[in-house]
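Residue-level structural notes
Residue-level listing of the chains:
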Amino acid sequence: GLGLVAIAGAARFPDKIPNISIVARTGLKVSGAPDLEGKKLGVPGVRNILDVLFRKWMLQKAASPDKVTYVEASFLQMGDMLKGGVVDAVIVLDPFRSRMISDGAGFKVADFVAELGKNILATFWTAKNDWARANPQAVQGFRAALAEGIDFIAKNPDEARKIEQKYLGLTSPIWPVFSVSLDASDLQLYADVYKELGMSRQPIDVNKLVLR
């Protein structure tokens, strides 16, 4: 209903390089999904993709996502929130995950996204549908620029880490898998999960949401 279409992929969640985890507060007894029922969970955004995938994971593990209290928090805040007991666990990615584990704020419970699929779409770029269809050359140029940037990172990892340090103030031991690729089936996963969780009010035709 927003008039947007996906024009390019940005990053993916490969199961063999898991960089998204549930991290629980040190001292808490949490070993799996059922233990998270009744707990407060810090999420980077209610109903964003990580929140939605977490709820799907809970159902897959025969646990109830409705028995979890969700607290919105930025990745930068999560370590302090664990230490202060504001939340019991968080959904976090590297480099923030590694830092909070190494400084004793928490411990890893599960790489839940990796348990849901082998190559899940993580993030992607969108544009207004009417603009994108009226400017195919601009869209193609944007995709080419992204591909060039991904190629630069692969060929110049040391320089890329300097750039990461400059803008994030830290570097990640595990990078996302950057990818321009995008297909309607990537969005179908989310459409199915939203339907299962009762978050969508009508059927979603994902083919209309991806610009070829």
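Everything quoted here is computed from the prediction, not taken from an experiment.

Per the secondary structure count, the protein includes seven helices and eight strands. Each principal axis of the C-alpha distribution contributes one length, and for the protein these read about 55 × 45 × 25 Å. Counting all 212 residues of the protein, 42% fall into the buried class. For the protein, long-range pairs separated by at least 24 residues make up 77% of all intrachain contacts whose partners lie at least 6 apart in sequence. Carbon and sulfur atoms make up 54% of the accessible area of the protein, which totals about 11,600 Å². The distance from the centre of the 27 positive side-chain charges to the centre of the 23 negative ones in the protein is 2 Å.

Let's shift gears to the pattern of salt bridges. Tallied over the entire structure, the rule returns eleven salt bridges. The partner of R12 in a salt bridge is D186, with the nearest N and O atoms 2.6 Å apart. Note that R12 is positioned in strand 1 (residues 4-14) and D186 in helix 7 (residues 184-196), a separation of 174 residues in sequence. For R12, a relative accessible area of 7% corresponds to the buried category. In this structure, the salt-bridge partner of E164 is R161, at a minimum N-O distance of 3.9 Å. Separated by three residues within a single helix, E164 and R161 lie in helix 6 (residues 157-168), roughly one turn from each other.

Let's shift gears to the packing of aromatic side chains. This model, assessed by the stated rule, comprises six aromatic pairs. Seen from their ring centres, F54 and W57 are 6.1 Å apart, and the 35° between their planes marks the pair as tilted. One end of the pair is F54 and the other is W57, both in helix 1 (residues 49-60) and three residues apart, which spans about a single turn. In this pair, the class of F54 matches that of W57, namely buried. Aromatic side chains W125 and F142 sit 5.3 Å apart centroid to centroid with 85° between the ring planes, which places their arrangement in the edge-to-face category. In this pair, W125 sits in strand 7 (residues 119-128) while F142 sits in helix 5 (residues 136-155), placing the two residues 17 residues apart along the sequence. By relative accessible area, which is 41% here, W125 ends up partly exposed.

It is worth spelling out the sheet that holds strand 8 (residues 177-178) at this point. In space, the three strands of this open sheet follow the order 7-1-8, with antiparallel pairing throughout. The open sheet has two edge strands with one neighbour each: strand 7 and strand 8. For strand 1 and strand 8, the ladder comprises two bridges, and the chain directions are antiparallel. Note on strand 8: the bridge partner recorded for R12 is V177.

Residues in a regular strand point their side chains to alternate faces of the sheet. Where strand 3 (residues 40-43) meets strand 4 (residues 69-72), four bridges bridge the pair, whose relative direction is parallel. Paired with G42 across the strands is V71, a residue of strand 4. At this point the chain moves from strand 3, through helix 1, to the parallel strand 4, and the crossover so formed is right-handed.

Attention shifts here to the sheet that holds strand 2 (residues 20-25). Taken in spatial order, the five strands make up an open sheet running 4-3-5-2-6, and their pairing is mixed. A single partner strand is all that each edge strand has here, and the edge strands are strand 4 and strand 6 (106-110). When strand polarity is set aside, the average angle formed by the axes of neighbouring strands in this sheet is 35°. Here helix 2 (residues 75-83) sits on the sheet in contact with strand 2, strand 3, strand 4, strand 5 (89-93) and strand 6, set at roughly 145° to strand 5.

On the surface, a nonpolar cluster with roughly 320 Å² of combined accessible area is contributed by F152, I163 and Y167. For F152, the location among the structural elements is in helix 5.

What follows deals with the nonpolar core. Among the nonpolar cores identified, the biggest contains 49 residues, and F13, F54, W57 and F112 are the most heavily contacted of them. Once you skip the residues sitting within four places of it in the chain, F13 turns out to touch N19, I20, I49, L50, L53, V113, K118, N119, I120, L121, A122 and Y190. Counting residues in each nonpolar core, the second largest holds eight residues, with V5, A132, V139 and L211 among its members.

Thresholds applied
- Residues numbered from 1 in each chain as written.
- Predicted model: local features only at pLDDT ≥ 70, side-chain atom pairs only at ≥ 80, totals over all residues.
- Heavy atoms only, no water.
- Helix = DSSP H or I, 4+ residues; strand = E, 2+ residues; numbered from the N terminus.
- Buried < 20%, exposed > 50% of the residue type's maximum accessible area, 1.4 Å probe, protein only.
- Contact = heavy atoms within 4.5 Å.
- Areas by Shrake-Rupley, 256 points an atom, 1.4 Å probe, with all protein chains shown as cover.
- Lys, Arg positive; Asp, Glu negative; His and termini not counted.
- Charge placed at Lys NZ, Arg CZ, Asp CG, Glu CD.
- Salt bridge = Lys/Arg side-chain N within 4 Å of Asp/Glu carboxyl O.
- Phe/Tyr/Trp six-rings, centres within 6.5 Å; stacked < 30°, edge-to-face > 60°.
- Pairing = 2+ DSSP bridges.
- Right-handed = clockwise from strand over helix to strand, strands pointing away.
- Axes fitted to C-alpha atoms, helices over the stretch in contact; angles between N-to-C directions.
- Patch = residues over 30% accessible without salt bridge, like charges linked within 9 Å, V, L, I, M, F, W, Y side chains within 5 Å.
- Core = buried A, V, L, I, M, F, W, Y, C linked by side-chain atoms within 4.5 Å.

Functional significance is not addressed by these values, which are geometric in nature.
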